[in-house]
Every structure is written in C-alpha cells, then in structure tokens.
Amino acid sequence: MISFEFDGVETPKLDFESVRVWIADVAASRGFEVGRLSYRFCDDPAILEANRKFLGHDYFTDIITFDYTHGPRLSGDMIISLDTVASNAESLQVPGRQELLRVIIHGVLHLCGINDKGPGEREIMEQAENEALQILPPALSDN
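Small disclaimer: the values here were computed from a predicted structure and weren't measured.

## Comments concerning the overall build of the protein
Looking only at helices and strands, one finds 5 helices and 4 strands in the protein. In sequence order, the protein lays out its α and β elements as β-α-β-α-β-β-α-α-α. Over its C-alpha atoms the protein spans a radius of gyration of 14 Å, differing by no more than 12% from the 15 Å that the globule rule assigns to 143 residues. The principal-axis extent of the C-alpha atoms belonging to the protein is close to 35 × 35 × 30 Å.

## Topic: the nonpolar core
Within the largest apolar cluster, 36 residues are counted, with the highest numbers of intra-cluster contacts made by Trp-22, Ile-23, Tyr-39, Ile-80 and Ile-104. The leading source of residues in this core is helix H4 (residues 96-111), at 8 residues. Not counting residues within four places of it along the chain, the set of residues in contact with Ile-23 comprises Ile-2, Val-34, Leu-37, Tyr-39, Ile-104, Ile-105 and Val-108. In this structure, Cys-42, Ala-46, Ala-50 and Phe-66 belong to the second largest nonpolar core, which totals 7 residues.

## As for the packing of aromatic side chains
Inspection of every chain in the model, using the stated rule, returns 8 aromatic pairs. When the ring of Phe-4 is compared with that of Phe-41, the centres are 6.3 Å apart and the planes differ by 25 degrees; the resulting orientation is stacked. Of this pair, Phe-4 sits in strand S1 (residues 2-6) while Phe-41 sits in strand S2 (residues 33-42), and the two are 37 residues apart along the sequence. Across the pair, Phe-41 and Phe-4 agree in class, each one buried. With a centroid separation of 5.4 Å and an interplanar angle of 80 degrees, the aromatic rings of Phe-54 and Phe-66 are classed as edge-to-face.

## Some details on the environment of Ile-64
Of note, Ile-64 is situated in strand S3 (residues 63-67). A C-alpha to C-alpha distance of 6.7 Å links Ile-64 and Ile-80, two positions 16 residues apart in sequence. Ignoring sequence-local partners within four residues, the contact set of Ile-64 consists of Ile-47, Ala-50, Asn-51, Leu-55, Asp-77, Met-78 and Ile-79.

## Thoughts on the packing of H4 against helix H5 (residues 121-133)
Interhelical geometry of H4 versus H5 gives an angle of 120 degrees and a closest axis separation of 10 Å. As H4 packs across H5, the resulting crossing turns out to be right-handed. Between H4, through Leu-101, Arg-102, Ile-105, His-106, Leu-109 and His-110, and H5, the contact on the second element is made entirely by Arg-122, Met-125, Glu-126, Ala-128, Glu-129, Asn-130, Ala-132 and Leu-133. Across the contact of H4 with H5, the residue classes tally to 7 nonpolar, 3 polar and 4 charged.

## Structural notes on the confidence of the model for the protein
Per-residue pLDDT for the protein averages 94, and the proportion of residues at 70 or more is 99%. Ranking the elements of the protein by mean pLDDT puts H5 last with 94 and strand S4 (residues 73-81) first with 98.

## Re the sheet that holds S3
An order of S1-S2-S4-S3 is seen for the 4 strands of this open sheet, with the pairing classed as mixed. In this open sheet, the two strands that pair with only one neighbour each are S1 and S3. Across the sheet, the mean angle from the axis of one strand to that of its neighbour is 15 degrees, orientation sign disregarded. Relative to S2, S1 runs parallel, the two sharing 5 bridges. Along S2, the bridge assignment pairs Ile-2 with Leu-37. Sheet strands touched by helix H1 (residues 16-29): S1, S2 and S4. Its angle to S1, the strand with the most contacts, is close to 135 degrees. Those strands touched by H4 are S2, S3 and S4, and its axis lies near 145 degrees from that of S4.

Rules used in this analysis
- Residues numbered from 1 in each chain as written.
- Predicted model: local features only at pLDDT ≥ 70, side-chain atom pairs only at ≥ 80, totals over all residues.
- Heavy atoms only, no water.
- Helix = DSSP H or I, 4+ residues; strand = E, 2+ residues; numbered from the N terminus.
- Rg over C-alpha atoms; globule rule 2.2 N^0.38 Å.
- Core = buried A, V, L, I, M, F, W, Y, C linked by side-chain atoms within 4.5 Å.
- Buried < 20%, exposed > 50% of the residue type's maximum accessible area, 1.4 Å probe, protein only.
- Contact = heavy atoms within 4.5 Å.
- Phe/Tyr/Trp six-rings, centres within 6.5 Å; stacked < 30°, edge-to-face > 60°.
- Axes fitted to C-alpha atoms, helices over the stretch in contact; angles between N-to-C directions.
- Left-handed = near helix turned anticlockwise from the far one by under 90°.
- Nonpolar A, V, L, I, M, F, W, Y, C, P; charged D, E, K, R; others polar.
- pLDDT = per-residue confidence, 0-100.
- Pairing = 2+ DSSP bridges.

Next comes the structure, spelled out in structure tokens:
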C-alpha cells in the first residue's frame with residue numbers, strides 16, 4: 001500500500017495511481033515488492049522541524065526516508081519538502097515535475113539499499129534514479 005499525504009501544501013499535479021504503479025515497477029526491477037510506503041509532502045519549515053527532531057540535523061533537505069524494510073518487502077515513511085524540490089529544480093534547470101519524480105523514487109531506492117553519502121555512492125544513486133525515470137508510465141512522462 002502506498003499512501004500520499006499533503007501537510008499544508010498544494011497537491012502536486014501528478015497521476016498518483018501511475019506513481020504507485022511506477023514505484024512497484026522500480027521496486028520489482030531491484031528484486032523487491034512494495035509493502036507499506038507512506039509519503040508526506042510538506043514545506044521547508046516542516047521538513048526542517050522533522051530533520052531536527054528525528055535526525056538531529058539543522059538544515060533543509062528534499063527528502064527524509066525512514067526505512068522499516070524487512071527482506072524483500074519495502075516498508076518506509078518518506079517526508080518530502082516541495083519547497084526544496086522546487087528550488088532544486090530551479091538551480092538544476094530541470095522541470096519541477098521531473099525533480100519531484102526523482103525525489104519520490106530516491107526514497108524508494110534508499111529502501112532498496114542504495115546509499116548516497118559515501119565515496120562513489122552518489123553516482124550509483126544518480127544512475128539508479130536515471131534508470132527509474134526511464135521506465136516512467138506514459139501518464140507521468142513529459143510528452
């Protein structure tokens with residue numbers, strides 16, 4: 001089950017059923033199945049508060065992933081700041097929708113065991129994100 005919650009922010013214009021299908025396809029391509037995944041979309045002040053409270057980090061981020069995965073069944077909670085996603089899209093000069101989809105799947109890839117903090121890990125994560133973006137369902141593709 002994949003749920004989406006919106007905490008004081010406008011709901012992004014995405015076909016969320018297609019997002020669910022895509023997440024399941026990406027998980028399957030990595031040898032996993034989808035269990036309970038929860039996405040909470042918020043603004044920068046809310047993600048900063050969560051980052052401080054749960055991780056002891058005093059900075060903004062685009063996503064925080066809490067991993068409860070056991071075996072091949074993915075389970076986790078993800079908090080995404082739509083403010084940071086938008087500012088990252090602007091600074092990277094990519095469409096906001098593309099950056100949002102990249103961040104959504106970034107959390108799933110963390111649950112699949114891909115890290116991005118150590119030497120060489122960021123490049124592995126970026127490659128996995130790009131592979132995931134290549135299999136977007138038609139309803140999510142930039143036509």
